Each structure stands twice: as structure tokens, then as C-alpha cells.
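Coordinate inspection notes
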Amino acid sequence: LYSFDRPELWVNLLVALLLDIVVVAVTKAFTRRRRPAYNVDDMFMTGSVDKFSFPSGHATRAILLAVFLCSLYPLNFIFFLPIVAWSLTVCVSRVLLGRHHILDVTGGIVIGLLEAFVVKQIWLSEDSARYIITALGGEDPWSGA
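Residues numbered from 1 in each chain as written. Predicted model: local features only at pLDDT ≥ 70, side-chain atom pairs only at ≥ 80, totals over all residues. Heavy atoms only, no water.

**A short note on the overall build of the protein**
To keep it simple, the criterion reads: Where helices and strands are cited, they refer to DSSP runs of H or I of at least four residues and of E of at least two residues respectively, numbered from the N terminus. Contacts were defined at the residue level, with two residues in contact if any of their heavy atoms lie within 4.5 Å. Each accessible area value is a Shrake-Rupley result obtained with a 1.4 Å probe; residue values ignore everything except the protein chains displayed when judging cover.
Looking only at helices and strands, one finds 5 helices and 0 strands in the protein. Traced from its N-terminal end to its C-terminal end, the protein shows the element sequence α-α-α-α-α. When contacts within the protein are restricted to residue pairs at least 6 apart in sequence, long-range pairs at least 24 apart make up 76% of them. Carbon and sulfur atoms provide 69% of the accessible area of the protein, an area that totals close to 9600 Å².

As C-alpha cells, this is what we get:
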């Protein structure tokens, strides 16, 4: 996973995360659902990017990453259970911390699954990924001799 010689992984992951940021931002702008009334600023050194609640961006990204790493670009089976447990823990934590309503997280899960489906449909091949990296400046001009 940590090898940079897998451009297909990194470019598709970037596309997936950019898609998620756009979808969540647009959905929050349209729905404008307020966070729960019991959402208090009781955590040290935390900040909120927005005041809207639906969908949970944490839930969308956690589910998207879990599907990405378990299905779209499968890792070793030994990582499957920890990745799924992590993503579900993130989703549950949003409700337990009082940052989201249950339906915000449920909507985030559904959106994350839909995003994973879209990423699967637009999956970039290794050649396409290498082309994009080269086009965006695949080599640092100051590090060469």
C-alpha cells in the first residue's frame, strides 16, 4: 500500500476523495440541516468546518475508503476486518459524540456506497493514471541532475 509505484491506486484514491468532498459540500449546501441540539463544543482543540449536519462527511469518507480498500483495490484479506471495523466505528462515533443525527450517518453511509459505485465505473487504468501524473508534473524539476 505504501509503494508509490502504484499510480493506479493513488490517482483513483485522489479521484474518490475529491468526488466525496464535492458531493458532501453540495449536499450540505442544499439540505442545510442543523446539527443536533445536544452538539456542544465540549471537546478540546476541535473545530467545525461547517454548521450543517447532513450528510456526515466522516461517514461518507469512512465507507468510501473501506469499499475502496476492500473491494475496488483489494488489500490482503487480513486487513479486511480491521478496515470494516474502523469504518463502522467512525460512523457510530459521529452519533455518540453528538455531532450528527442517526439519519445523517445513515445518509452518509448510502452516499459513500454510491460514490464507491461511481469510482468503480470511472476507474482509471494504470496507463491513464501514469499519464495524469506525468501531465501534472510527475517529476520534481529541482531534484534532477
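**Remarks on the nonpolar core**
Worth spelling out the cut-off: Here, nonpolar core refers to any group of buried Ala, Val, Leu, Ile, Met, Phe, Trp, Tyr and Cys residues whose side-chain atoms link them within 4.5 Å. Each residue's exposure class comes from its accessible area (1.4 Å probe, protein chains only) as a fraction of the maximum for that residue type: buried when under 20%, exposed when over 50%, partly exposed otherwise.
L9, L13, A16, L64, A66, F68, L69, L72, Y73, I83, A116 and V119 form the largest nonpolar core, which has 12 residues in total. At 5 residues, helix α2 (residues 57-72) tops the list of elements feeding residues into this core. The residues touching L72, leaving out its near neighbours within four places in the chain, are V67, A116, V119, K120 and W123.

**Describing a nonpolar patch on the surface**
Inclusion rule: Note that patches include only residues with greater than 30% relative accessible area and no salt bridge, and the join distances are 9 Å for like charges and 5 Å for nonpolar side chains (Val, Leu, Ile, Met, Phe, Trp, Tyr). Counted as salt bridges are all cases of a side-chain nitrogen of Lys or Arg within 4 Å of a carboxyl oxygen of Asp or Glu.
Taken together, the side chains of L14, L18 and I21 present a nonpolar region at the surface, about 290 Å² in accessible area. Tracing the backbone shows L18 in helix α1 (residues 7-31).

**So, the packing of aromatic side chains**
The following threshold applies: Here the aromatic set is Phe, Tyr and Trp, taking the six-membered ring for Trp, and pairing holds for ring centres within 6.5 Å; pairs whose planes are under 30 degrees apart are stacked, those over 60 apart are edge-to-face, and all others are tilted.
Throughout the structure, instances matching the rule amount to 3 aromatic pairs. With centroids separated by 5.6 Å and ring planes inclined at 40°, the aromatic side chains of F68 and W123 adopt a geometry described as tilted. Taken together, the positions of F68 in helix α2 and W123 in the loop between α4 (102-121) and α5 (126-135) put the pair 55 residues apart, joining distant regions of the chain. The interplanar angle of 5° and the centroid separation of 6.0 Å between the aromatic rings of F77 and F80 together place this pair among those described as stacked. Its relative accessible area of 36% is what places F80 among the partly exposed residues. Put simply, the rings of F68, Y73 and W123 pair up and form one aromatic cluster.

**Regarding the side chain of E115**
Put simply, the rule reads: For the purpose of counting charges, residues Lys and Arg are taken to be positive, whereas Asp and Glu are taken to be negative. His and the chain ends are not included.
Among the secondary structure elements, E115 is positioned in helix α4. We note that E115 is buried and unpaired, the nearest opposite charge coming from R61 at a distance of 7.1 Å.

**Topic: the packing of α2 against helix α3 (residues 80-96)**
Geometry of a packed helix pair, given as the angle between the helix axes and the separation of the axes. Formally: To get an axis, a line is fitted to the C-alpha atoms, and for a helix only the part in contact is used. The angle between two axes follows their N-to-C directions and goes from 0 to 180 degrees. Angle categories are assigned with fixed cut-offs, so that under 35 degrees is roughly parallel, over 145 is roughly antiparallel, 65 to 115 is roughly perpendicular, and the rest are oblique.
The geometry of α2 relative to α3 is characterised by a closest axis approach of 9 Å and an angle of 170° between their N-to-C directions. Here α2 lies roughly antiparallel to α3, going by the angle between them. In this structure, α2 contributes H58, A59, A62, I63, L65, A66, L69 and C70 to the contact, and α3 contributes F80, I83, V84, W86, S87, V90, C91 and R94.

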